[in-house]
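Examining the three-dimensional arrangement
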Amino acid sequence: MIIDLRSDTFTIPTPEMLEAMFQARVGDDVFDEDPTIKALEHKLAGLFGKDRGLFVPSGTMSNQIAIKVHTQPGDEVVCNRLSHIYQYEGGGIAFNSGASVALIDREDGQFSLDDLKYHLNDSEDQHKAYSKLVSLENTCNKAGGTIWQENDVVEISTFCRENGYKIHLDGARIFNALAETKDDPIAVGNQFDTVSICLSKGLGAPVGSVLVGNSQDMWKAKRIRKVFGGAMRQAGYLAAAGIYALDHHIDRLTKDHINIRKLADALRNCVWTAHVPEPQTNILIFSIAGEIGARRVLTELDSLGIKALSLSQNTIRFVTHLDISDKMIDEAVEKIEAIQF
Ligand SMILES: *Cc1c(COP(=O)(O)O)cnc(C)c1O
């Protein structure tokens, strides 16, 4: 039995999800004739209180479309340094939108309104790029699945609205955050111009993300999706997996959060770990003690049938998901506690 804790992107569709995919009614979505894609877009737009949704092949494309919608070349995007849009999208902010980026340094992947104000440029100053878009990530992947403080989100969002800045949420794992905060998704949607939601992470669909926003922004987004090569045809088969995931895989996310805390507790009992934070959702990033190094630990874990990723020379990431059962967690805990160096 392989216990794959590398990422929540490794999930395989369940037989029930596959059945829903087989049953999907499809058509050519470029001609607006795929009823299943329309239903998925409508469902997520409604959940977040937005006019429209747009089904796209990946979370990266969804974020990149949003950035393109909200900026012109020479504008600047402000986000935390750990953001996926900066760290893991191949320089797409510059490549796709010709925009620059101002990075806020904070280890939890968040920032306050004061932090934001410090990083906004004076639009009257001819030397400076136009600050145009503010982007938040909830939960923040690289910070270890951290959840944004609601008061910070509200303050930042209100400020952006009052001062003409656009605000985007990379909500790849927003349902993991909502599983803990129990907030209403509509209240989340209200704080942002656009929200990107991944179906292929903890929700367990094989492919796809949805960008939601108001009609005007989403009309632009649809054009940009075409230009980026992301307009698909009978992709309702994939959208059906997304609908199934929204109907059946949201309530179980708290289980992943409980499971990862068990792994964190086990790691804290090990002399070869250094800092093991209390996970807030389904991601745990922990550090390795002294000279042992992440590579040796990964090799040892691998030999025990546990797969993980290292994020640096002395940090390792575990992610729990749909394909990690309670039994696997018990087995992983036992194996981890027995490791000696
Ligand atoms: C995974 C992820 C994305 C999108 O990734 P794709 O692999 O392109 O679907 C975007 N933002 C965050 C925070 C992510 O974790």
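Residues numbered from 1 in each chain as written. Predicted model: local features only at pLDDT ≥ 70, side-chain atom pairs only at ≥ 80, totals over all residues. Heavy atoms only, no water.

**As for the side chain of Asp8**
Mapped onto the fold, Asp8 is located in the loop between strand 1 (3–4) and helix 1 (15–22). When its relative accessible area of 0% is taken as the criterion, Asp8 is described as buried. Reaching out from Asp8, the side chain makes a polar contact with the side chain of Arg173 at a distance of 2.7 Å. One polar contact links Asp8 to Asn282, side chain to side chain, over a distance of 3.0 Å. (Helix = DSSP H or I, 4+ residues; strand = E, 2+ residues; numbered from the N terminus. Buried < 20%, exposed > 50% of the residue type's maximum accessible area, 1.4 Å probe, protein only. Polar contact = N/O pair within 3.5 Å; in protein donor to acceptor, adjacent residues only side chain to side chain.)

**Quick look at the sheet that holds strand 9 (residues 283–287)**
By definition, the strands of a sheet pair up through backbone hydrogen bonds, in either a parallel or an antiparallel sense. The sheet built from three strands is open, its strands ordered 9-12-11 with antiparallel pairing. Of all strands in the sheet, those with a lone pairing partner are strand 9 and strand 11 (309–312), marking the two edges. The sheet shows a mean angle of 30° between the axes of neighbouring strands, taken without regard to direction. Note: strand 11 against strand 12 (residues 315–319), three bridges, orientation antiparallel. Within the sheet, the bridge partner assigned to Ser310 lies in strand 12 and is Ile316. (Pairing = 2+ DSSP bridges. Axes fitted to C-alpha atoms, helices over the stretch in contact; angles between N-to-C directions.)

**A short note on the packing of helix 8 (residues 174–181) against helix 12 (residues 253–268)**
Contact pair helix 8 / helix 12: the axes reach a minimum separation of 9 Å and the direction vectors enclose 85°. When the axis of helix 8 is compared with that of helix 12, the two are roughly perpendicular. Along the contact surface, helix 8 presents Phe175, Asn176, Ala179 and Glu180, while helix 12 presents Leu253, Thr254, His257 and Arg261. Here the contact of helix 8 with helix 12 is composed, by residue class, of three nonpolar, three polar and two charged. (Parallel < 35°, antiparallel > 145°, perpendicular 65-115°, else oblique. Contact = heavy atoms within 4.5 Å. Nonpolar A, V, L, I, M, F, W, Y, C, P; charged D, E, K, R; others polar.)

**Observations concerning the nonpolar core**
Looking at soluble globular proteins, one finds that nonpolar side chains tend to be buried together. One finds Leu44, Leu116, Leu136, Ile156 and Phe175 to be the most contacted residues of the largest nonpolar core, which totals 49 residues. For this core, the leading source of residues is helix 11 (residues 236–248), giving six residues. In contact with Phe175, other than residues within four places in its own chain, are Leu44, Leu47, Phe48, Ile197, Leu203, Leu246, Ile250 and Leu253. Listed in part, the 28 residues of the second largest apolar core include Leu263, Ala264, Leu267 and Val297. (Core = buried A, V, L, I, M, F, W, Y, C linked by side-chain atoms within 4.5 Å.)

**With respect to the pairing of strand 5 (residues 130–137)**
Most of strand 5 is tucked away: six of the eight residues are buried. Direction of pairing for strand 3 (residues 75–80) relative to strand 5: parallel, over a ladder of four bridges. Looking across to strand 5, one finds that Val78 is bridged to Val134. Sheet analysis places strand 5 next to strand 6 (residues 166–171), joined by five bridges and oriented parallel. For Ser135, the partnering residue across the bridge sits in strand 6 and is His168. Handedness of the crossover is the feature at issue here: the chain leaves strand 5, passes through helix 7 (residues 150–163), returns alongside strand 6, and the resulting connection is right-handed. (Right-handed = clockwise from strand over helix to strand, strands pointing away.)

**Quick look at the environment of Ala231**
As for its position among the elements, Ala231 is in the loop between helix 10 (215–227) and helix 11. Spatially, the C-alpha atoms of Ala231 and Pro57 are 8.5 Å apart, while their sequence positions differ by 174 residues. The residues contacting Ala231, other than those within four sequence positions of it, are Val30, Arg225 and Lys226.

**Considerations on the domain arrangement of the protein chain**
As far as domains go, the protein chain holds domain 1 (15–248) and domain 2 (252–338). Distance between the C-alpha centres of domain 1 and domain 2: 29 Å. Both faces considered, domain 1 and domain 2 share a buried interface measuring about 1300 Å² in area, 53% of it formed by carbon and sulfur atoms. At the surface where domain 1 touches domain 2, the tally comes to one salt bridge. (Domains from an automatic or database assignment. Buried area = accessible area lost by both parts, 1.4 Å probe. Salt bridge = Lys/Arg side-chain N within 4 Å of Asp/Glu carboxyl O.)

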